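Each chain, letter by letter, is given below.
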Amino acid sequence: MVELNAAVALLGRFPALTGVDLRIEPGETVLLQGPNGAGKTTLLRLCAGLLAPESGSVTVLGHDLTTGPERRAVRRRVGLLGHSTGLYEDLTVTENVRFWARAAGLDAEPSVERVVGALQRLGLDDGLLDLPVHRLSAGQRRRTSLAALVVRRPELWLLDEPHAGLDQAGRNVVDTLIGDAVAAGGTVVVSSHELERVRSLSPRVVTLAGGTVHRDTNA
Amino acid sequence: MNRFLADARLVAAKDLRIEARSRVVLNQVAPFALLVLVLFGFALDADQRTLRAFAPGLFWVAVLLCALLAVQRSVSVEQADGALTGLRLSGMSPAALFVGKAAAVFVQLVVLEVLLTAGIIVLYGSEIEQPLLVVATGVLAAVAVACTGTLYGALASGLGVRETLLPILLLPVLAPVLIGATRAFDDALGNAAVDGWAWLGLLAVFAVVATAGGALAHGALVEE
Amino acid sequence: MTETMATNGTTTGSRGSRVLGAATLLGLATLLLFAFGLTEADIRLHPTTGEEIGQFDAVRLLYLHVPLAVFTYVAFVLCAFASAGYLIRRTPWFDTMAHAAAEVGTVFCGLVLVTGSIWGRPVWNTWWEWGDVRLMTTLVLFLMFTGYLALRRATVDPRAAARRGAVVALVAVLDLPLVNRSVEWWENRTLHQKSTLGELKIQDLTLFTLMLGFLVFGLVLAWLLLHRFRVGWLEREDAEHGIAADIAERRAAIDEGDVDAAVGEGT
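Each value, and the rule that gives it
- Residues numbered from 1 in each chain as written.
- Chains lettered and ligands numbered in written order.
- Predicted model: local features only at pLDDT ≥ 70, side-chain atom pairs only at ≥ 80, totals over all residues.
- Helix = DSSP H or I, 4+ residues; strand = E, 2+ residues; numbered from the N terminus.
- Rg over C-alpha atoms; globule rule 2.2 N^0.38 Å.
- Buried ≥ 20, exposed ≤ 12 C-beta atoms within 10 Å, placed from the backbone.
- Contact = placed C-beta atoms within 7 Å.
- Pairing = 2+ DSSP bridges.
- Right-handed = clockwise from strand over helix to strand, strands pointing away.
- Nonpolar A, V, L, I, M, F, W, Y, C, P; charged D, E, K, R; others polar.
- Axes fitted to C-alpha atoms, helices over the stretch in contact; angles between N-to-C directions.
- Core = buried A, V, L, I, M, F, W, Y, C linked by C-beta atoms within 7 Å.
- pLDDT = per-residue confidence, 0-100.
- Parallel < 35°, antiparallel > 145°, perpendicular 65-115°, else oblique.
- Left-handed = near helix turned anticlockwise from the far one by under 90°.
- Expected span 1.5 Å × (residues − 1).

> Break down the overall build of chain A for me, with residues and values.
Within chain A, the secondary structure is distributed over seven helices and ten strands. Its C-alpha radius of gyration of 17 Å places chain A within 12% of the 17 Å reference for a compact globule of 219 residues. For chain A, the C-alpha atoms occupy an extent of roughly 50 × 40 × 30 Å along the three principal directions. The burial tally for chain A puts 53% of its 219 residues in the buried class. Counting only contacts in chain A whose residues sit at least 6 apart along the sequence, the fraction spanning at least 24 positions is 68%.

> Explain the pairing of strand β7 (residues 156-160) of chain A residue by residue, including any values.
All names here are of chain A. In terms of burial, β7 is largely enclosed, as five of its five residues are buried. Of the two faces of β7, the one carrying L156, L158 and D160 and the one carrying W157 and L159 are both buried. Pairing geometry for strand β6 (residues 78-81) and β7, over four bridges, is parallel. Across the sheet, G79 pairs through a bridge with W157, a residue of β7. Bridge count for β7 against strand β8 (residues 187-191) is five bridges, and the pairing is parallel. In the sheet register, W157 faces β8, and the bridge partner there is V188. Assessed by its sense of winding, the connection that carries the chain from β7 through helix α6 (residues 168-183) to β8 is right-handed.

> How would you summarise the interface of chain B and chain C if you had to cite specific residues and measurements?
Taken together, the 21 residues of chain B in the interface contact 24 residues of chain C. Breaking the side of chain B that touches chain C down by element, the ones donating at least two residues are α7 (162-173), α8 (175-188) and α9 (196-222) of chain B. A total of seven residues in the side of chain B that touches chain C trace back to one element, the largest contributor, which is α9(B). Partitioned by chemical class, the residues of the side of chain B that touches chain C number 18 nonpolar, one polar and two charged.

> An account of the interface of chain B and chain A is needed here, citing residue identities and associated values.
Taken together, the contacts link 21 residues of chain B with 24 residues of chain A. Going through the elements one at a time, α1 (2-22) and α4 (83-89) of chain B are the ones with two or more residues in the side of chain B that touches chain A.

> Which residues make up the sheet that holds β7(A), and what values do they have?
Backbone hydrogen bonds are what pair the strands of a sheet, in a parallel or an antiparallel way. Residue and element names in this part refer to chain A. Pairing is mixed across the open sheet formed by six strands, whose spatial order is β6-β7-β8-β3-β9-β10. Every interior strand has two partners, whereas the edge strands, β6 and β10 (212-218), have only one. Going across the sheet, the axis of each strand differs from the next one's by a mean of 15 degrees, ignoring polarity. In this sheet, β10 lies alongside strand β9 (residues 204-209) in antiparallel orientation, the contact comprising six bridges. Across the sheet, L208 pairs through a bridge with V213, a residue of β10. Across the sheet, α6 is in contact with β3 (29-33), β7 and β8; its angle to β8 comes to roughly 155 degrees.

> I'd like to hear about the nonpolar core, residue by residue, with values.
If you look at the biggest cluster of nonpolar residues, it comprises 213 residues, and the most contacted ones within it are B:A144, B:L203 and C:A169. Broken down by element, the residue count for this core peaks at 16 residues, all from helix α3 (residues 59-89) of chain C. Those residues in contact with B:A144 that lie beyond four places of it in its chain are B:V177, B:L203, B:F206, B:A207 and B:A210.

> Give a description of the confidence of the model for chain B that names residues and reports values.
Predicted confidence across chain B gives a mean pLDDT of 91, with 99% of residues reaching 70 or more. Interface scoring of the predicted complex returns ipTM 0.87; its pTM is 0.88.

> Requested: an account of the environment of B:F98, with residues and values cited.
Residues and elements named next belong to chain B. Tracing the sequence through the fold places F98 in helix α5 (residues 94-124). You can call F98 buried: it has 25 C-beta atoms within 10 Å. C-alpha of F98 to C-alpha of T164: the two residues are 66 residues apart in sequence and 22 Å apart in space. The residues touching F98, leaving out its near neighbours within four places in the chain, are T150, G214, A215 and H218.

> Account for the packing of helix α4 (residues 92-123) of chain C against helix α8 (residues 204-252) of chain C, naming residues and giving values.
Residue and element names in this part refer to chain C. Look at α4 against α8: their axes get within 9 Å of each other, and the N-to-C directions meet at 135 degrees. Considering the angle they form, α4 stands oblique to α8. The two elements α4 and α8 cross, and the hand of that crossing is right-handed. Each of P92, T96, M97, H99, A100, A101, E103 and V104 in α4 lies in contact with α8, whose residues at this interface are L221, L224, L225, R228, F229, G232, W233 and R236. Across the contact of α4 with α8, the residue classes break down as ten nonpolar, three polar and three charged.

> Could you give me a rundown of helix α2 (residues 15-38) of chain C, with the residues and numbers involved?
Relative to the 34 Å expected for 24 residues at 1.5 Å per residue, α2(C) spans 33 Å between its end C-alpha atoms, a close match to the ideal helical length. Taken as a whole, α2(C) has its buried residues at C:T24, C:L31, C:F34 and C:A35.

> Could you give an account of the environment of A:L4, with specific residues and numbers?
Residue and element names in this part refer to chain A. For L4, the position within the fold is in strand β1 (residues 2-11). For L4, a count of 24 C-beta atoms within 10 Å gives the class buried. Considering only alpha carbons, one finds L4 and A147, 143 residues apart in sequence, at a separation of 29 Å. Dropping the residues within four chain positions of it, L4 is found in contact with V20, D21, L22, G56 and V58.

> Summarise the packing of helix α2 (residues 24-44) of chain B against helix α3 (residues 48-79) of chain B; cite the residues concerned and give the values.
Residue and element names in this part refer to chain B. Where α2 contacts α3, the two axes come as close as 9 Å, and the packing angle between them is 150 degrees. Relative to α3, the element α2 lies roughly antiparallel. Note on packing geometry: the crossing formed by α2 with α3 is right-handed. Judged by residue contacts, V24, V25, V29, F32, A33, V36, L37, F40, G41 and L44 of α2 engage T50, L51, F54, L58, A62, L65, C66, L69, A70 and R73 from α3. For the contact of α2 with α3, the class distribution of residues is 17 nonpolar, two polar and one charged.

Take a look at the structure:
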């Protein structure tokens, strides 16, 4: 599913990943933790095909990510939730979700039920659906952003601190969502500082430090 | 091919819908365009004959200045909240993305051109002698400017100095468009005895090269 | 620790480049001697009135101006080819070459504009002639490559700088024929002499000096390119060296206790 060997990735001239060896099997859920600046975000972006590895090998979903065309090919199959929500301020919640679903090459018109269903699962009530995104709170934006992923049904979920900025109810929603994804046969990599919360979802914890895997425990 | 057109249409419709909601171009750039015409009037002469003689050149300089703003806006829409990353992740072809972004800028430019045309008629007393030539020039020049602008917008995107860098990158490249469109308007507005249609050829070549080259080169810039 | 260029004494010079440099400087001195000393001013007698006409001493600038102009274009074409090579191959050699050629070309281009302007003042009676195609084209070219250098300077990520620079260089060079065409039609006349050699009093010495000019400025271009390329290459190597050291440093600095404290584990 995901296999990295001595993967080095640069941000400009800074070696954000200094040699990562990691293997994730299909259907696995992995918690990624580590101090700020350990390379969690870069690792997720690397797996999503947004960065080219400087050296080493990266294989995701059978794509060898050292080549440009393969990086482009893998992007459509993974779902990355990053720090920025990637939403358009002036479009409504529904319009945003539908745009991203269609941009990802989903059927020309993802059914309205599917979009509304995804939004409702994330606890966005009907009154919010036609509001422009700039009127939403940070937590509501994050939920919208997640809904856009849910609609796409990615094979590999790369969630970069999905709990950040959410209230208790929102965090529970994220956990349910991860559970659903796993139940549907998806593979999930979550970076989070919410150790206890994610522990309940997965026994495997990978600790990054200094841009490399510091510890890999499967309790 | 269907996928390509569908993606391009999706992006263009999205940008135009954002403009329809935010009205940045309509409420800010359009008044700026008229302001530029008025400023030229102050700077040159209150004498309408002078202004009329220079109207084609002033018109196209105003279009280029507005195009800079429209391109900046087009780039900042994608950068405000990391939407560009989302577009890259969507696996959409960079060429389709390019065509979609450029098409939206093109539509906005045409609207601005219509407004500016009304402006030079009212303010400078210009008269349109060859409407067809005016329309053809306006369309071809808008294609050329929209495509070149979108490509250079992508070049400067993500840089802290984008606002200041874009004009020095873009305007020299557009020199042939400025000259060609101005000359064609000279003919169309009856200002000078030149063959405006011959100039259209140059504009057409530029527009074709900018569209094809932009679609090709966009991939190298977006994949970063 | 990181050995930088400064500490290990690496320079951009080599035996070959020193010989080339010496030849270039000697050539430049010789050229100046011929151009401003040994050749004669362009003074002709008008066939009917007997007045003195011609370019007088201004003609001496052409021995510099014409070769400079030719090699400006050589440098920019080189830059375009290297840029295309980079986009196809994505190897640092092409990028370093493109950057070097663009930088040297921009300097040459600036000198062309300055020498041309100074020459134009007595001969054309103006510093700047709007109707002249080559003048306008060269100015637009200069501005485009000023933008190129500004873009490269503003882009932090070296790979992004290489890609973006390559696109700008290609656009600039492809745009050039269109700029040229448009200016030519715009003002359908040119002050530039169609054939510079034809109008001048062709003496052996004049021709020799002009040819010497081409040779010398060819050497100048090669010499500057060589050094600029090596500077770029060393900078890149230095950066790579720094990255390897940074990787080792980052990995060595991982502290068990700090990590546990950060993730809230352990005690």
